[in-house]
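What follows is the residue order along each chain.
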Amino acid sequence: MNGRSPTVPELGELDRRLLAWIEASAQTRDDGGPTQAQEAEFDRLALDLFADQYERNRPYRRYCRARGAEPGQVRGWREIPPVPLSAFRELTLSCAPPEQAAAVFTTSGSTDPGRRGRNHHPHLHLYDASLRTGFRQWFLPDRAQLRLLVLNPPPEQQPHSSLAYFLQRLVDSFGAAGSGTFVGAEGLDLDGLLAALAAAERDGVPVGLLGTSFAYVHLLDALEAAGTAFRLPPGSRVLDTGGFKGRSREVPAEALRTALGQRLGVPDAWCVNYYGMTEISTQYYDTSLRRAWLGRDPAPRVKAVPPWARVQAVDAGTGRPVPPGQRGLLVHHDLANRGSVLAVLAEDVGHLAEGGPAGGFVLLGRAQGSAARGCSLALDELLAANEGGRS
């Protein structure tokens, strides 16, 4: 955390509209998707936010001009130009002076801090509203609080990590008595975590475990080595995120959920993966837990798109949307991503589920081959538009 964050009454009119839209969506959301009126309001907000970011974000403005996409010409959220993910490493895509940002979250992909992607946030009200509303909807629909056990370093150790901030805010907002973090400067506090799991099992108190996918591999390895397993009380659940890039080994998602069921007693549907990135401000959760809680078949497992975001799958060569079920690069339009750009071209591939954007999407993995080249070409275009004018 860096600069001072304005209070809600100090926010501008657009920020207050965006905040109200995100918070109200918890009450108005229908699992069947947005109504026509809601879709129209999303379009209005997206166009107003695009106009604001176009005006205040100079590198983005140059890029949009080069593409012939300016406010007044863009007719809907689908026409707002997305910025490739790697641009956050090359340019300062901030709508306000970077030194005034309330928070700057950086990616962890490079040992050189100057080569990390940076996302500047003038305030965190929209980010917080997004994380609270999404978590409540798809991970905690059945209760107001839960004992949360975090397998990730706290923000004090990783002040520029969006993940560390995200997990701590969840504990602050939804953590019942006994919640805590079990990763410190020395790594995973295995003894403390096992004691917490044993207490939950003994007292019949359900818990929620939160951490990276690989953190669970460490935990499961330790449980296997010790010949130990738990039967956590009903209502217990697991949230994981991230992949295994650069790790010593990879574990398929299905195998990880099976192992969590065997070692912790958490049902498959209550093991939820979420997909998020430093460069955006929204998280996408598996729909399995919510569907199981509603008494529906938790399959197929797809990522839910919240009302304040839209996701498209596009052809890597043309940038045009592809139909549901067809593989493409993922483009995010995120109304919570206030401080930089709302439209981001990810370096991930996936496909929309049946029903289009309202039906969610399936994440298939990192872009490779022609899809990766599509991302590189988009970055070249953006850098060419900013040649001689980087800021």
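1. Description of the nonpolar core
Phe 135, Phe 166, Leu 209, Leu 210, Leu 232, Leu 264 and Tyr 285 are the most contacted members of the largest nonpolar core, which totals 54 residues. Discounting residues that sit within four places of it in the chain, Leu 210 has contacts with Phe 135, Phe 139, Leu 148, Leu 149, Val 150, Leu 151, Leu 167, Leu 170, Tyr 216 and Leu 239. Core analysis: the second largest hydrophobic core is formed by 50 residues, Leu 14, Val 341, Ala 343 and Leu 352 among them.

2. As for the state of the cysteines
Counted under the stated rule, the structure contains zero disulfides. Sulfur of Cys 64: no disulfide; nearest cysteine sulfur belongs to Cys 95 and is 11 Å away. You can call Cys 64 buried: its relative accessible area is 0%.

3. Describing the side chain of Asn 119
Residue placement: Asn 119 occurs in strand β3 (residues 118-121). If we skip the residues at most four places from it in the chain, Asn 119 touches Phe 88, Ala 103, Val 104, Phe 105, Thr 278, Glu 279, Ile 280, Ser 281, Asn 337 and Ser 340.

4. Section: the confidence of the model for the chain
Summarising the model, the chain shows a mean pLDDT of 91, and 92% of its residues fall at 70 or more. Per-element averaging of pLDDT across the chain places helix α11 (residues 370-385) at the bottom with 81 and strand β4 (residues 147-151) at the top with 98.

5. Brief notes about the packing of helix α3 (residues 58-66) against α11
Contact geometry for α3 and α11: axes closest at 8 Å, N-to-C directions at 105°. Relative to α11, the element α3 lies roughly perpendicular. Here Arg 62, Tyr 63 and Ala 66 of α3 come into contact with α11, specifically with Ala 378, Glu 381, Leu 382 and Ala 385. Here the contact of α3 with α11 is composed, by residue class, of five nonpolar, no polar and two charged.

6. Concerning the side chain of Ser 340
Structurally, the position occupied by Ser 340 is in the loop between β13 (328-334) and β14 (343-352). We classify Ser 340 as buried; its relative accessible area is 0%. Separated by 2.8 Å, the side chains of Ser 340 and Asn 119 make a polar contact. Each residue touching Ser 340, except ones within four places of it in the same chain, is listed here: Gln 53, Asn 57, Phe 88, Leu 93, Cys 95, Asn 119 and His 120.

7. Focus on unusual backbone geometry
A cis amide bond, omega -5°, links Ala 299 with the succeeding residue Pro 300. Following the sequence through the fold, Pro 300 ends up in the loop between α10 (288-293) and β12 (309-314).

8. Overview of the packing of helix α5 (residues 125-138) against helix α6 (residues 162-174)
The N-to-C vectors of α5 and α6 enclose an angle of 65°; their axes lie 10 Å apart at closest approach. Taken as a pair, α5 and α6 cross one another with a handedness that is right-handed. Residues Tyr 127, Asp 128, Leu 131, Arg 132, Phe 135 and Arg 136 of α5 form the contact with α6, whose own contacting residues are Ser 162, Tyr 165, Phe 166, Arg 169, Leu 170, Ser 173 and Phe 174. For the contact of α5 with α6, the per-class residue count stands at seven nonpolar, two polar and four charged.

9. Overview of the packing of aromatic side chains
All told, the structure shown has 14 aromatic pairs when counted by the stated rule. Taken together, a centroid distance of 6.1 Å and an interplanar angle of 85° make the contact between Phe 50 and Tyr 60 edge-to-face. With Phe 50 in helix α2 (residues 36-56) and Tyr 60 in helix α3, this residue pair connects regions lying 10 residues apart in the sequence. Since its relative accessible area comes to 1%, Tyr 60 is described here as buried. Above the plane of the ring of Phe 139 lies Arg 237, whose end atom (NZ or CZ) is 5.9 Å from the centre.

10. Focus: the environment of Cys 375
With respect to the helices, strands and loops of the structure, Cys 375 is situated in helix α11. A C-alpha to C-alpha distance of 7.4 Å links Cys 375 and Ala 316, two positions 59 residues apart in sequence. Sequence-distant contacts of Cys 375, that is, excluding residues within four places in its chain, are made with Pro 84, Leu 329, Leu 345, Ala 346 and Glu 347.

Parameters and conventions
Residues numbered from 1 in each chain as written. Predicted model: local features only at pLDDT ≥ 70, side-chain atom pairs only at ≥ 80, totals over all residues. Heavy atoms only, no water. Core = buried A, V, L, I, M, F, W, Y, C linked by side-chain atoms within 4.5 Å. Buried < 20%, exposed > 50% of the residue type's maximum accessible area, 1.4 Å probe, protein only. Contact = heavy atoms within 4.5 Å. Disulfide = S-S within 2.5 Å. Helix = DSSP H or I, 4+ residues; strand = E, 2+ residues; numbered from the N terminus. pLDDT = per-residue confidence, 0-100. Axes fitted to C-alpha atoms, helices over the stretch in contact; angles between N-to-C directions. Parallel < 35°, antiparallel > 145°, perpendicular 65-115°, else oblique. Nonpolar A, V, L, I, M, F, W, Y, C, P; charged D, E, K, R; others polar. Polar contact = N/O pair within 3.5 Å; in protein donor to acceptor, adjacent residues only side chain to side chain. Left-handed = near helix turned anticlockwise from the far one by under 90°. Phe/Tyr/Trp six-rings, centres within 6.5 Å; stacked < 30°, edge-to-face > 60°. Lys NZ or Arg CZ within 6 Å of the ring centre and 35° of its normal.

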